[in-house]
Each structure stands twice: as structure tokens, then as C-alpha cells.
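Chains, contacts and geometry: an overview
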Protein chains: 2
Amino acid sequence: MDNFSFYSPTYFEFGREAEKKTGELIRRFGGSKVLLHYGGGSIKKNGVYGKVIAALTSADIKFTELGGVVPNPRSSLVREGIDIARSEGVDLILAVGGGSVIDSAKAIAAGVKYDGDFIDFYRGKAKIEDALPVGTVLTIAAAGSEGSPNAVITDEETGKKKGARSDHIRPKFSVMNPEFTLTLPPYQTAAGATDIFIHVCERYFSNTPEVVITDRLCESVMKTIIYETPRVLRDPDNYGARANIMWAGMIAHNNICGVGREQDWGSHHMEHELSALYDVTHGAGLAVIVPAWMRYVMERHPEKFVPFATEVWGVPLDMINPIETAMIGIERFEGFLKQIGMPSKFSEIGARKEDIPKMVDKLFAGSETEGNYVKLSKEDVTKIYESVADV
Amino acid sequence: MDNFSFYSPTYFEFGREAEKKTGELIRRFGGSKVLLHYGGGSIKKNGVYGKVIAALTSADIKFTELGGVVPNPRSSLVREGIDIARSEGVDLILAVGGGSVIDSAKAIAAGVKYDGDFIDFYRGKAKIEDALPVGTVLTIAAAGSEGSPNAVITDEETGKKKGARSDHIRPKFSVMNPEFTLTLPPYQTAAGATDIFIHVCERYFSNTPEVVITDRLCESVMKTIIYETPRVLRDPDNYGARANIMWAGMIAHNNICGVGREQDWGSHHMEHELSALYDVTHGAGLAVIVPAWMRYVMERHPEKFVPFATEVWGVPLDMINPIETAMIGIERFEGFLKQIGMPSKFSEIGARKEDIPKMVDKLFAGSETEGNYVKLSKEDVTKIYESVADV
């Protein structure tokens, strides 16, 4: 186990009607006038918007609004949010939505406190040293941004999807009402579950020895997703299943599953190139990339794929031929993704084989290798992309 | 899943030489003059004391000292600590030790900010509304107090061991260097592991439906303890195994394994009567009580004992006779406790059958039932005590 720090100070209010506490939580964390940040207006259709406004009003919280966040959130809207927050004297950014809205809110919060262009944080030119407090009301179980210090933004000038990370932008509080996810369409539900599962994969596939507790925690989250996702697709109103998926999404990404170990994240970076180019849903892009990554790296480095098969998927261990055990685990995962309606090839997400060289060039701008479990070269990544582009 | 709040804002610095950050962490959380609180002096023999003093000195932190905390920490020493902290103008309590030292430090921290006698918090006469910040340097993996809002104190006037709970006394930071546990004797190591395992049992045995994610997380901790404890007893210098047990101890008790569900805690309360009377090591007392509790309640309410057997202990499920499966799980647990050198009956911990009525009376002073998985009457608890007193 490697040395580590772990700090996850977000206050979580979880359950039915949790949003009623929103105003009180804003006050607790020093807010009195908030920027209410959201996406394309689905929260107005499903009633979430009205419930949040009611909670703000009853606690006498003033607010100004900025909607319009799109999946893979854009730098231009972040700049607009920074301007509004400054001119209106906002003291807390309240994100009402999923990962994209929360990430956009985090970028605004950091940008307000920075003299230069906020995009510097995403181009490695500046470090986040301060930010307005961020609160969230979560409406999609997927990204885990409600409990993480990370925020991913699409830099419209370069076309790159890039992340920043700082404890300053970690939400002070997150309101998590699983009822808000009952109306999510099956495809978004499954893509969210896939994202959660793979947040854990990025931590599970590690070369660090003696990380038994985090291995077992990772498996907990994966087994929960495997159990609950088909249940919720069969019965979208299943509150218990929705609740387990929602809380698993937080645990998958606040890093309790990742401390003390080298992490991979190569698949996420490969997927970011896909979603920057084609605006594909992140979880769906991961469903295409990760099994291809698994098949490619397993042959070189099967060690961690064996417990992935036995502990996560219940495959009996064949010690005479553990590669066979590992391969069955990958096949089970592929079968699961198919079962829940996720894509498995470029053509299903509108990606094109001829763009591969461009994606690879962008991915390797400034780095020699990708990932850590197996360090991948340009050629490796090209082959992984190609393996799902041809079919 | 029940509605819940989860808030675990402790900053954890984990790993080799983590104690070097102690001074910096004290400054970060507003301390400049600390009360250094510890136990019977083992930290002076094993070098931990010197390392902590060096870290304080190098960060120019002033300190005053109070040693002498005993297992099942006493109210009189807490009062002494409150007086010293006040007269010396201490602004942070630094606990260097295990659960008893940390719990004593938490009580001092709350007492300093309270006009009345601190014991009011433990007699249900007052609520903790404020406290000095608490930091910890952990030396024993067991109680989980390094990441919890709980503190248990022996009230010397009543002879009762009682708990208080408040986010105000949750440590601001905890320094966790597994090397500090390498010199722990086997009995203390095993008792600590037992305590960790049972902190999770108290949460696992629950009637709340649809808590799949926390069920799986509980199993992660239990499986880690089952795997690592025999390794560390065989090879006390195994850093990796010590590290996994230490981090599992935090996860077992910061309530990430317990949110969204009714918890039991009847066994803990039964054990508190034992350790208040005989000063038995908490984990060893639990090793006597919990299997007896399991055998007693399983017959009435086997449901949760079946996954305990199959998921935690790998017992094959017999759906024709699931009680048999459940019983084999309990037997495996008893076998494990024996294997790691834990006691299983009163005579091994110096407890006496004739004291049972006294313990039962104290336990039920002010309550009608104990525990939640099965609500136990005085008669039930008497039978549980008797089942391990006769043998």
C-alpha cells in the first residue's frame, strides 16, 4: 500500500425529500445569494426545479440563474457563469443536475476567484488556489462529481476535454434524492451505471501490491452495479435500486476506493477524445472503450483480471489456465453491458475510424504513454481504437 | 434504504512517516498550543513519542502533556485534562494512542467548551454544542475513533461505560502510520481486529431492506480482517497487512458501512458492562459476547445470517435448509476467533456468573430493550450472558 492522504469533507443529505434541506445547507456553508446552475431544462419538466426554488425561498436564499449546460460542458458557458456570479455578487454556486452541471459549476466557482482566464486551470497553466463554495442537488447517478474534487470541461478553443482537480472545488454539500432519478430514460440510467462501474475499474486495475481493503471496496461497488442495474431497467420506479446506484456512484469516485494505490485512467482519457469529438454520452463511450482496453492489456498483464473474474463475476478459478478465467470475466462484463443496452462499437456512437489518428495525436499531445496498469504507446491506443472501429 | 446524512470531514494522512506532517496539520486546523494526551507510556518505549515531539518542535507548536489514559478511559482524567487545557490556554487536543486515548481527548475537547461537568454529555443531560479541535496520531488499529464522532468514557461515579456522539468532537485530522502498530503484541492485535470486525457486524445485522451497497461494503471490511489478521499474527512485521487492518478500522467506524440502515449495537452495550466491571480489553469482551449473541438471535431471525455465511465466510447456500448454512457461518466465525487467540467464555476474561444480574440491571437502567436486529429483553440478555458464563 502506498502512502496517501484522504479528505472527503462533503456533507451528504441523502433520501426522499432531501432537497428540502437545500436552503439550510446553503446557509450552513456560508451562502446567502447563489447562482443556480442547470442544464437543458429537464429539471423544469420533472418538477425538480420547483422543489429547489421552494427550498431556497423558504430559507430566504436569493438566487440568480444560468441554465444551458450541455453534456461535456463548454468553456464558453463557464465564462458566462463567472461574469454573472461576479456582477450579481453571488457567494455560492448551486449545481442542480448531473456531472456536467456540477463540473461546470466547479469551474465557475474557481474562475470567480481567479484573475486570469479560468481555462488556465485546464491547460496546466495555473493551479486552483481558491473558489466560491459549491453545493449540488444531484439528478443523475453517474459521474460522482457530487463528492469529488474533479471537474472536466471541454475547451472549445482546442476541442480537448480536460480535467482539473482541487479540494477547493469539492462540493461543500450534496443533496441526493434518488426519487429524482426515477424518470431517467433507460439509456441514461445504463450509461450512468457504466460510468460508476468504470470509475472503480480505473482504480481496481493497479500494480500496487497489498491493497486488499481497497480491492474489496472496489468489488463492493461493482457487485452493487451488477445487481441493481438490471433491476432498475426492469422496474424504473424501484426506489431501493435507484438509491443503491446513486450512493454507489458517490463511493466510486470520492476516492475511498482508490487510496493507497496507483490508478490507471487510460480508458477515461481515450473516451474523452471520443466524447470531445462526437458528444457521445460519457458512460456509453466508456462501454465501447473499456472492454477493448481489457482485451488488449489482459494478454500482456493478466494478474488483476483473474480476481476481476472470480470476485466480481463469480467465475471459478482455473489455476492451470488462469488466462481462461480472466477472459471469461471480460466476456461476462461485455455480456452485462450488452444486457443493459450499452454500445460496443464505434458505429453505434457515431464515431469514425478515419478520426483515429486525430484522436491519438490529441491524446498524446504532451505525454509519451497513457494509463498505468499497462503503459500504452500511441500504437497501442491506435490498436485499441481500431479493435472497436472495424466491427 | 432509509434517509440519512453522511459527513466525514476528517483529514487522514496515512502511511510510513505520516507523523512528520503532524505539526503542519495542527497549524492547518488552527492549533498552536496543544495538549498532548496519551496512555501508559508505551509510546515513550517504542519511539512514537519522540517522533511526535520532533514533528511538533519542527513546526514550532507549543505543547503541554497529560499521560495516564487507561483502557476504558476514566472520567477523573478527563476532568484533569479539562483543567490543564483551560489553565494552559490550549487550542487543540492531540491524542497519541488508540481508541481510549482518542475518546478521552474528545471528552476533554468538549468539556473545555462547556460550563458544567462534562459528564453531563454522557448522562444524557447535555448535548455537545462546541469543542476544541481534536487531532490524533493513531497507534492501535481497533476502535475507529480516529474517524468517528463517538467517544466512550467510564463514568467512575456510576461505574457505567457510556458514549457521547457529536460532529464537534470528530477529529479534524488523523495521522495513521501502520509502522506504529508493528510492535503491538499478538493479543492486542487480535483484539483490535475483532473490534473492527464487530463494528461492521453491528451495522450489518439490520432489518432495513434494500441496502445492497452498504451490505457489500460491510463484507469488504470483514473479508479484509479475515484475510489480514492471520497474516499479521504469523508475521508481525508485515507492513502491508498492518496497513490494510489499520485503514479497515477507520472504514469500519466512520459510518460509511452504516448509513441508510438501522444498526444494532446490542452486543457493544452488553460488552460495555463487562469491560466496565472487569477492565477487559474491548475486542476480547466482544469476542465472548458476539458469537453468543449470534447463536441466540439466529434462531429467531436467521435472515441476515445466511448472507453472513455465504458472502463473508464462503459457505455454500443450502436453500432447503438455510438455517444450516447460517449456523456454519457462525461456527466459522467462532473458529476464526479461536484461531487468532480470542477468548470465548467468561472464565477467560475474569468475568463471573454471579455478576450477571448486576450487569443486566445496569444495562437496562432506563431502557426496555437492547439491540435492534432482534429487540432483546432482560431475560434474553441474561440468557446470552449465561450461555458463555457456564462453560
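Described below are features of the structure shown in this document. (Residues numbered from 1 in each chain as written. Chains lettered and ligands numbered in written order. Predicted model: local features only at pLDDT ≥ 70, side-chain atom pairs only at ≥ 80, totals over all residues. Heavy atoms only, no water.)

**Details of the sheet that holds strand S4 (residues 92–97) of chain B**
Taken together, 12 strands build an open sheet; the order of strands is S3(A)-S2(A)-S4(A)-S5(A)-S8(A)-S1(A)-S1(B)-S8(B)-S5(B)-S4(B)-S2(B)-S3(B) and the sheet is mixed. Each having just a single partner strand, strand S3 (62–66) of chain A together with strand S3 (62–66) of chain B make up the two edges of the open sheet. On average, adjacent strands in this sheet sit at an angle of 25° to one another, irrespective of strand direction. Of the strand pairs in this sheet, strand S1 (residues 4–14) of chain B and strand S8 (residues 173–176) of chain B are connected by 4 bridges, and their pairing is parallel. Its bridge partner being in S8(B), Phe12(B) is matched across the sheet by Ser174(B). Sheet strands touched by helix H8 (residues 239–251) of chain A: strand S1 (4–14), strand S5 (134–138) and strand S8 (173–176) of chain A together with S1 of chain B. Its angle to S1(A), the strand with the most contacts, is close to 150°. Lying over the sheet, helix H5 (residues 99–112) of chain B contacts strand S2 (33–37), S4 and strand S5 (134–138) of chain B, oriented at roughly 170° with respect to S4(B). (Pairing = 2+ DSSP bridges. Helix = DSSP H or I, 4+ residues; strand = E, 2+ residues; numbered from the N terminus. Axes fitted to C-alpha atoms, helices over the stretch in contact; angles between N-to-C directions. Contact = heavy atoms within 4.5 Å.)

**Let's talk about the relation of the copies chain B and chain A**
After a rotation of 180° and a shift along the axis of 0.0 Å, chain B superposes on chain A with an RMSD of 0.0 Å. Viewed as a symmetry operation, the transformation between the two copies matches a two-fold axis. By C-alpha distance to the rotation axis, the residue of chain B lying nearest is Pro9(B), at 1.8 Å. Of the interface residues in chain B, 100% have counterparts in chain A that sit at the interface too, so the contact is made through matching surfaces. (Least-squares fit on C-alpha atoms with pLDDT ≥ 70 in both.)

**Side note on the environment of Leu274(A)**
All names here are of chain A. Summarising the element assignment, leucine 274 is placed in helix H9 (residues 266–278). Once the C-alpha coordinates of leucine 274 and lysine 161 are considered, the two residues, 113 residues apart in sequence, prove to be 9.4 Å apart. The residues touching leucine 274, leaving out its near neighbours within four places in the chain, are Asp279, Val280, Gly285, Ile289, Phe346, Ile349, Ala351, Met359 and Tyr385.

**Examining the interface of chain B and chain A**
Opposite the 40 residues of chain B that make contact, chain A presents 40 residues. Roughly 3500 Å² of surface becomes buried between chain B and chain A when both sides are summed, with 59% attributable to carbon and sulfur atoms. Here chain B and chain A share 2 salt bridges between them. The residue Arg231(B) makes a salt bridge to Glu210(A) at a minimum N-O spacing of 2.8 Å. There are 21 residue pairs in polar contact (both at pLDDT 80 or more) connecting chain B and chain A. At the level of elements, S1, helix H7 (212–234) and helix H8 (239–251) of chain B are the ones that each hand at least two residues to the side of chain B that touches chain A. Per-class residue counts for the side of chain B that touches chain A are 22 nonpolar, 10 polar and 8 charged. As defined by bridge partners, S1(A) adjoins S1(B) across 9 bridges and the pair is classed as antiparallel. (Buried area = accessible area lost by both parts, 1.4 Å probe. Salt bridge = Lys/Arg side-chain N within 4 Å of Asp/Glu carboxyl O. Polar contact = N/O pair within 3.5 Å; in protein donor to acceptor, adjacent residues only side chain to side chain. Nonpolar A, V, L, I, M, F, W, Y, C, P; charged D, E, K, R; others polar.)

**Side note on the side chain of Thr10(B)**
Relative to the assigned elements, Thr10(B) resides in strand S1. Leave out the neighbours within four places in its chain, and Thr10(B) touches Phe6(A), Tyr7(A), Glu146(B), Gly147(B), Arg170(B), Pro171(B), Lys172(B), Phe173(B) and Ser174(B).

**Focus on helix H4 (residues 75–88) of chain B**
Structurally, the α-helix is built with 3.6 residues per turn, so residues lying three or four positions apart point the same way. All names here are of chain B. The terminal C-alpha atoms of H4, which comprises 14 residues, lie 20 Å apart, in line with the 20 Å expected from a rise of 1.5 Å per residue. Of all the positions in H4, only Ser75, Leu77, Val78, Gly81, Ile82, Ile84 and Ala85 are classed as buried. Along its buried surface, H4 packs onto S2, S3, S4, H5 and strand S6 (150–155). Just downstream of H4 lies glycine 89, where phi reads positive at about 65°. (Expected span 1.5 Å × (residues − 1). Buried < 20%, exposed > 50% of the residue type's maximum accessible area, 1.4 Å probe, protein only.)

**Section: the nonpolar core**
One finds Trp247(A) and Trp247(B) to be the most contacted residues of the largest nonpolar core, which totals 234 residues. What Trp247(A) contacts, discounting residues up to four positions off in sequence, is Phe12(A), Phe14(A), Met176(A), Phe4(B), Phe6(B), Ile213(B), Ile256(B) and Val259(B). In terms of nonpolar packing, the next biggest core, distinct from the first, is built from 24 residues, Leu25(A), Val34(A), Leu36(A) and Tyr7(B) among them. (Core = buried A, V, L, I, M, F, W, Y, C linked by side-chain atoms within 4.5 Å.)

**Here's the deal with the packing of aromatic side chains**
Residue and element names in this part refer to chain A. Taken as a whole and judged by the stated rule, the model has 56 aromatic pairs over all chains. For the pair phenylalanine 205 and phenylalanine 305, a centre-to-centre distance of 4.4 Å together with 35° between the ring planes defines the contact as tilted. One end of the pair, phenylalanine 205, is in the loop between helix H6 (186–204) and helix H7 (212–234); the other, phenylalanine 305, is in helix H11 (residues 305–313), with 100 residues separating them in the sequence. Grouping residues by exposure puts phenylalanine 205 and phenylalanine 305 together as buried. (Phe/Tyr/Trp six-rings, centres within 6.5 Å; stacked < 30°, edge-to-face > 60°.)

**A few points about the side chain of Asn255(A)**
Residue and element names in this part refer to chain A. Tracing the sequence through the fold places asparagine 255 in the loop between H8 and H9. Judged by relative accessible area, which is 17%, asparagine 255 ranks as buried. A distance of 2.9 Å separates polar atoms of two side chains, one belonging to asparagine 255 and the other to arginine 203. Side-chain polar atoms of asparagine 255 contact the side chain of glutamine 263, separated by 3.0 Å. If we skip the residues at most four places from it in the chain, asparagine 255 touches Phe6, Arg203 and Gln263.

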